[in-house]
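# Chain and residue survey
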Amino acid sequence: AIEKTISIIKPDAVAKNVIGEIYSRFEKAGLKIVAAKMKQLSKEDAEGFYAVHKERPFFGDLVAFMTSGPVMIQVLEGENAVLKNRELMGATNPKEAAAGTIRADFAESIDANAVHGSDSLENAAIEIAYFFKPEDVVSR
Ligand code: CMP
């Protein structure tokens with residue numbers, strides 16, 4: 001089915017100037033960008049977005065990293081978009097990410113891991129609504 005999912009290019013990858021290279025991977029995989037914005041997340045933005053991880057030991061470091069510089073946030077649309085984006089990203093820990101994935105190619109560590117993607121269709125809807133108004137997501 002045609003799905004929508006959230007992708008966030010994290011501060012490390014924005015700083016490396018590889019937004020375009022990452023966008024290319026989405027486009028070559030048949031995913032369309034149907035909304036996008038660059039944003040400097042506040043502490044509140046990052047804490048709210050990652051609220052499910054609040055009790056995890058890495059939460060403080062995660063929020064600090066995600067607010068360390070601007071991020072590029074996009075909604076991707078396409079057939080099986082949630083899983084397709086996760087396959088393009090590779091494993092959360094770049095040391096475990098398959099060759100040719102975004103994290104294998106651009107990420108340095110489990111914290112500075114280049115990209116975030118929604119892990120389910122249900123969370124995709126929640127994450128899209130967190131950053132975009134319905135009218136800011138186009139149909140194309
Ligand atoms: P992300 O997909 O953005 O979701 C939560 C982030 O927490 C994850 O990517 C990692 O960058 C970061 N993180 C740090 N340590 C861990 C860990 N042990 N397990 C999962 N995520 C972690």
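Quick caveat: nothing in here was measured; it's all calculated off a predicted structure. (Residues numbered from 1 in each chain as written. Predicted model: local features only at pLDDT ≥ 70, side-chain atom pairs only at ≥ 80, totals over all residues. Heavy atoms only, no water.)

Before going further, it helps to examine the sheet that holds strand β2 (residues 32-39). Spatially, β2-β3-β1-β4 is the arrangement adopted by the 4 strands of the open sheet, whose pairing is antiparallel. Edge strands, defined here as strands with exactly one partner in the open sheet, are β2 and β4 (115-117). Across the sheet, the mean angle separating the axes of adjacent strands is 20 degrees when strand polarity is ignored. Pairing analysis gives 3 bridges linking strand β1 (residues 2-9) to β4, with the strands arranged antiparallel. (Pairing = 2+ DSSP bridges. Helix = DSSP H or I, 4+ residues; strand = E, 2+ residues; numbered from the N terminus. Axes fitted to C-alpha atoms, helices over the stretch in contact; angles between N-to-C directions.)

Turning to the UniProt feature "active site" (unreviewed entry) in the protein, a few remarks are in order. Taking the UniProt record as the reference, the feature "active site" (unreviewed entry) is found at His116. Structurally, His116 is set in strand β4. Overall, His116 belongs to the buried group, its relative accessible area being 12%. If we skip the residues at most four places from it in the chain, His116 touches Ile6, Ser7, Ile8, Lys10, Phe49, Tyr50, Asn85, Met89, Arg103 and Glu127. (UniProt positions renumbered as here; feature names shortened; annotations may be inferred. Buried < 20%, exposed > 50% of the residue type's maximum accessible area, 1.4 Å probe, protein only. Contact = heavy atoms within 4.5 Å.)

Next up on the list: the pattern of salt bridges. Using the criterion set out here, one finds 5 salt bridges in the structure. Its salt-bridge partner being Lys4, residue Glu77 comes within 3.0 Å of it at the nearest N-O pair. Here the residue Glu77 occupies a position in strand β3 (residues 71-79), and Lys4 occupies one in strand β1, the gap between them amounting to 73 residues. For the salt bridge of Glu108 with Lys16, the shortest nitrogen-to-oxygen distance reads 2.6 Å. In this pair, Glu108 sits in the loop between α6 (102-106) and β4 while Lys16 sits in the loop between α1 (11-15) and α2 (19-28), placing the two residues 92 residues apart along the sequence. Note on Lys16: relative accessible area 35%, which makes it partly exposed. (Salt bridge = Lys/Arg side-chain N within 4 Å of Asp/Glu carboxyl O.)

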